[in-house]
Structures are given as C-alpha cells and as structure tokens.
Amino acid sequence: MSEAMLEHVNVTVKDPDAMAEMLNQLFGWHVRWRGDAKYQGTTLHVGGEDSYIAVYSSGGNDPVNFDRYKTPGSMNHIGVVVEDLDAVEARVKALGFTPHNHGDYEPGKRFYFDDANGIEIEVISYD
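Residues numbered from 1 in each chain as written. Predicted model: local features only at pLDDT ≥ 70, side-chain atom pairs only at ≥ 80, totals over all residues. Heavy atoms only, no water.

**Topic: the sheet that holds strand β2 (residues 30–37)**
No. 1: Spatially, the 4 strands line up as an open sheet ordered β1-β4-β3-β2, and their pairing is mixed. The sheet is open, and its two borders are formed by β1 (8–12) and β2, each paired with just one other strand. Strand-to-strand twist of the sheet, defined as the mean angle between neighbouring strand axes without regard to direction, takes the value 20 degrees.
No. 2: Relative to strand β4 (residues 52–57), strand β3 (residues 41–47) runs antiparallel, the two sharing 6 bridges. Note that in β4 the partner of Gly47 across the bridge is Tyr52.
No. 3: Contacts between helix α1 (residues 16–27) and the sheet are confined to β2, β3 and β4, with β3 contributing the most and set at about 5 degrees to the helix. (Pairing = 2+ DSSP bridges. Helix = DSSP H or I, 4+ residues; strand = E, 2+ residues; numbered from the N terminus. Axes fitted to C-alpha atoms, helices over the stretch in contact; angles between N-to-C directions. Contact = heavy atoms within 4.5 Å.)

Right under this line is the structure:
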C-alpha cells in the first residue's frame, strides 16, 4: 500500500480574504482557487502546489463558544512546516499575533499562535 498524503483541510473563518492574506504573508502561499460554497458562502483554497487550507465563510460572525480540545469533532490546530522558524515567528508578531508554547523536542522546534478566528496554528521547523 502506498503512503497517503493530506491534500487539504477546510476551516470556517470570519473573513476568508483576511485569512488568505495572513497565510500568504506568513508562509509565502497563494490563493489557488476561489468560488461559491454551500449556504451562499465563499471558499478560498490557500497554499502551495500540493496542499492547501480551504478557508470558508457563509458570512456568520458568531464567537467560538466551545473548547476545541474537549469537543469531539473539533480541530485542535493546523501544523505548518517552515524552513526558518525565527523568520516566521517575527512575521507572526508583526501581524499582531502572540506566539506561545515554544518547544524544542523530537523531531523539531515549534511554536503556536491563535489567529483572529481562534484557530490555533503550530509552526514547525525540522532544521
């Protein structure tokens, strides 16, 4: 059996354009596709050539009112591998986000931050 590869995850956000811009600035990605989605929503596919994050909104702006680490079916965080962890951390701070939970353990170094949607993003470097 050949190894499977994760192609994408789909997350609901307040503003897909703002989320796409943040991901582009932090990781050098681009919008691969944009289109209409269910419930009169909009989805943008943001990433590289082989994988992406689909950012979706139907225009809702409800606050997150659950603990993602205790609610079954919730996404805990998105992990993104980068070459230069320090450079990405500087960009995270420049965008007004607060890095936390730094770690240096096998197989690499990492930190986390929460975006404007309450989505936790883990940034990892294996260098």
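**What about the pairing of strand β8 (residues 120–125)?**
No. 1: Counted residue by residue, β8 has 6 buried out of 6 residues, so it is predominantly covered.
No. 2: Note that strand β5 (residues 78–81) and β8 share 4 bridges and pair parallel. Bridged to Ile78 within β8 is Ile121.
No. 3: Here 6 bridges tie strand β7 (residues 108–114) to β8, and the two strands are oriented antiparallel to one another. Within β8, the residue paired with Arg110 across the bridge is Ile124.
No. 4: Turn length for the β7-β8 hairpin, with the two strands adjacent in sequence and antiparallel, is 5 residues, and the turn residue Gly118 shows positive phi of about 85 degrees. (Buried < 20%, exposed > 50% of the residue type's maximum accessible area, 1.4 Å probe, protein only.)

**Some details on the pattern of salt bridges**
No. 1: Enumeration over the complete set of coordinates arrives at 3 salt bridges.
No. 2: The residue Arg34 makes a salt bridge to Asp17 at a minimum N-O spacing of 2.8 Å. Here Asp17 lies in helix α1 and Arg34 lies in strand β2, a separation of 17 residues in the sequence.
No. 3: A residue is classified by how much of its surface remains accessible, and Asp17, at 39% relative accessible area, is partly exposed. (Salt bridge = Lys/Arg side-chain N within 4 Å of Asp/Glu carboxyl O.)

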